[in-house]
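Okay, here's what each chain looks like letter by letter:
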Amino acid sequence: MQTKIAVLGAGSWGTALAANLIAGGHDVVLWARCLESAQAMAMNRRNPKYLKHFVLPDTLGVTSNLAEATRNASLWVMATPSHGVRPLSLVAKEYAHADLFIVCVAKGIERETGFTMTQVLSDTLSPPVPVEHIAALYGPSHAEELAAGKPTTVVAAAPSLNTAMHIQRTFMTGTLRVYVNEDVFGVQIAGSIKNIIAIAAGISDGIGYGDNAKAALITRGLAEIQRMGVALGAKAETFAGLTGLGDLVVTCTSSHSRNRQLGEEIGRGRTLGDVIASMNMVAEGVETTIAIRAIALEHGIDMPITESVHGILFEGKQPLDAVRELMTRSAKQEEWLRV
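In this text, all values refer to a predicted model and were calculated from it rather than measured experimentally.

What the chain contains, in helices and strands, is 15 helices and 10 strands. Against the 2.2 N^0.38 benchmark of 20 Å for 339 residues, the chain shows a C-alpha radius of gyration of 20 Å, consistent with a compact globule. Taken along its principal axes, the extent of the C-alpha atoms in the chain is 60 × 40 × 35 Å. Residue pairs at least 24 apart in sequence account for 71% of intrachain contacts in the chain once pairs closer than 6 positions are excluded. Carbon and sulfur atoms form 52% of the exposed surface of the chain, whose accessible area is close to 14,500 Å².

Below, the discussion takes up the side chain of Asn20. Position of Asn20 relative to the elements: it lies in helix α1 (residues 12-23). Sequence-distant contacts of Asn20, that is, excluding residues within four places in its chain, are made with Leu146, Phe171, Thr173, Thr175 and Leu176.

With that out of the way, let us pick up the nonpolar core. Val7, Leu17, Val77, Leu137 and Phe171 are the most contacted members of the largest nonpolar core, which has 39 residues in total. With seven residues, α1 is the largest single contributor of residues to this core. Among residues more than four places away in sequence, those in contact with Val77 are Ile5, Ala6, Val7, Leu8, Leu17, Leu21, Val103, Val105 and Phe171. Leu222, Phe239, Leu248 and Ala291 belong to the second-largest nonpolar core, a separate cluster that totals 37 residues.

Here strand β7 (residues 101-104) shows two buried faces, one formed by Phe101 and Val103 and the other by Ile102 and Cys104. One ladder, built from four bridges, connects strand β6 (residues 75-78) with β7; its direction is parallel. Note that in β7 the partner of Val77 across the bridge is Val103. Where β7 lies against strand β8 (residues 134-138), three bridges are found, and the strand directions are parallel. Within β8, the position partnered with Cys104 by the bridge is Ala136.

As a further point, take the pattern of salt bridges. Should their charged atoms come close, side chains of opposite charge can pair. For the coordinates displayed, the defined rule picks out 18 salt bridges. Here Glu334 ties to Arg220 by a salt bridge, and the two come within 3.8 Å at their closest N and O atoms. Taken as a pair, Glu334 in the segment after α15 (319-327) and Arg220 in helix α9 (residues 211-231) lie far apart in primary sequence, 114 residues in all. A salt bridge links Glu265 to Arg268; the nearest nitrogen and oxygen atoms lie 3.2 Å apart. Connected through shared salt-bridge partners, Asp205, Lys214, Arg260, Glu264, Glu265, Arg268, Arg270 and Asp274 make up one network.

What follows covers the environment of Asn72. Looking at the element boundaries, Asn72 is found in the loop between α3 (66-70) and β6. Judged by its relative accessible area of 70%, Asn72 falls in the exposed class. A C-alpha to C-alpha distance of 23 Å links Asn72 and Ala158, two positions 86 residues apart in sequence.

A few words on the packing of helix α8 (residues 184-207) against α9. Packing of α8 against α9 brings their axes to within 9 Å, and their N-to-C directions diverge by 150 degrees. Of the possible angle classes, the one that applies to α8 and α9 is roughly antiparallel. As for how α8 packs across α9, the hand of that crossing is right-handed. Along its contact with α8, which presents Phe185, Ile189, Ala190, Ile193, Lys194, Ile197, Ala200, Ala201, Ser204 and Asp205, the element α9 presents Ala213, Lys214, Leu217, Gly221, Glu224, Ile225, Met228 and Gly229.

This brings us to the sheet that holds strand β10 (residues 176-181). The eight strands lie next to each other as β5-β2-β1-β6-β7-β8-β9-β10, forming an open sheet whose pairing is mixed. Every interior strand has two partners, whereas the edge strands, β5 (61-63) and β10, have only one. Going from strand to strand, the sheet's axes swing by 25 degrees on average, the running direction of each strand aside. Sheet topology note: the strand β1 (residues 4-8)/strand β2 (residues 27-31) ladder contains five bridges and is parallel. Across the sheet, residue Ile5 finds its bridge partner in β2, namely Val28. Of the strands in this sheet, β8, β9 (152-157) and β10 touch α8, which is tilted by about 40 degrees from β8. Helix-sheet contacts for helix α10 (residues 242-253) involve β8, β9 and β10, and the interaxial angle to β9 is about 145 degrees.

On the surface, Leu161, Met165 and Val180 cluster together into a nonpolar patch covering about 200 Å² of accessible area. Tracing the sequence through the fold places Met165 in helix α7 (residues 161-171). Taking the relative accessible area as the measure of exposure, Met165 reaches 32% and is therefore partly exposed.

What counts, and at which threshold
- Along every chain, residues carry numbers that run from 1 in the direction the sequence is written.
- Reporting of local features is limited, given that this is a predicted model, to residues whose pLDDT is at least 70; pairs of side-chain atoms are given and counted only at 80 or more, and all residues count toward the totals for whole chains, interfaces and linings.
- Side-chain metrics rest on all non-hydrogen atoms present in the structure, leaving aside hydrogens and water.
- Segments assigned H or I by DSSP are reported as helices when at least four residues long, segments assigned E as strands when at least two residues long, and all are numbered from the N terminus.
- It is over C-alpha atoms that the radius of gyration is taken, and the globule rule equals 2.2 Å times the number of residues to the power 0.38.
- Note on definitions: a residue-residue contact is assigned when non-hydrogen atoms from the two residues lie within 4.5 Å.
- Every accessible area reported is derived by Shrake-Rupley at a probe size of 1.4 Å, with residue values counting cover from the shown protein chains alone.
- Note on terminology: a nonpolar core comprises buried Ala, Val, Leu, Ile, Met, Phe, Trp, Tyr and Cys residues joined through side-chain atoms within 4.5 Å.
- Each residue gets one of three labels from its accessible area relative to the maximum for its type: buried under 20%, exposed over 50%, partly exposed in between, using a 1.4 Å probe on protein chains only.
- Two strands are said to pair when DSSP picks up at least two bridges between them.
- A side-chain nitrogen of Lys or Arg and a carboxyl oxygen of Asp or Glu constitute a salt bridge if their distance falls within 4 Å.
- Only the stretch in contact is used when fitting a helix axis, every axis being a line fitted to C-alpha atoms; angles between N-to-C directions are given from 0 to 180 degrees.
- Here the word oblique covers every angle except those under 35 degrees (roughly parallel), over 145 (roughly antiparallel) and from 65 to 115 (roughly perpendicular).
- In this scheme the crossing of two helices becomes right-handed for a clockwise turn of the near helix relative to the far one and left-handed for an anticlockwise turn of less than a right angle.
- Here a patch means residues that are over 30% exposed by relative accessible area and free of salt bridges, tied together within 9 Å if like-charged and within 5 Å if nonpolar (Val, Leu, Ile, Met, Phe, Trp, Tyr).

Encoded structure:
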């Protein structure tokens, strides 16, 4: 059944998802913050800043008018960077209603509150939007590949199974397969912390370390993610799924990964400020490192990789010194949730 959908955020992932929803037979409007960008996309049918080779579907509406984008929509896709979710939702609240469903695809933790993105949306939009209608769509999913029609799998996570299944039915196409999960917190913790581990993997690449080091970072990174998630109430099995192991692997290894690329440049000796200034898109792991480290310190959760990345990004620690500290930690037994 056709659904009117507003995709709020015209970055690479918002654009790719909007096109996928068009392919699923829905009525979709893509909202861009910048008037000039929206007008150019509407006229030229391309998004040159993010997916320059992808042609937008003819039936995809593009606008910078938030009221126009959300008018009569029964579902919103929040596709801004994580730091933009709260400001946008506060502005958009006047267009929200009790029958609305919201799907957040931004991956990150709010620095000031420690909230996940669905918690931010619940804080800003409920009421009138029921908490059960607020979902996350996470997984190993680079926009470039979905836009190119390559098979992609993600997870729809919501506090209500009915909501998760509604999102699943809405987003499923021949190239996007959607699973459901009710562990909303665990899915978002996994999808957020993996960006920190990807920065570490990129630093390893930049230094010139090989596959052994990257395999260790992915494995111990997963243990770190699961340790925090379980300590805060998530289900352990969530971290073996698409939003845990799956998203971690792709973000630590892919040439599309902004967080891995940022880490690689830092491993080669560039400063964080210099790398960020040269990037076209947001590397979510930078702000997430600050938020996750604060949560770990508050709850006494051992997060050595996160601590090392924080030291490199914000405390002037040299990457080689951070590696040396990790490698010379006290010897331990591989007990998954405690090491």
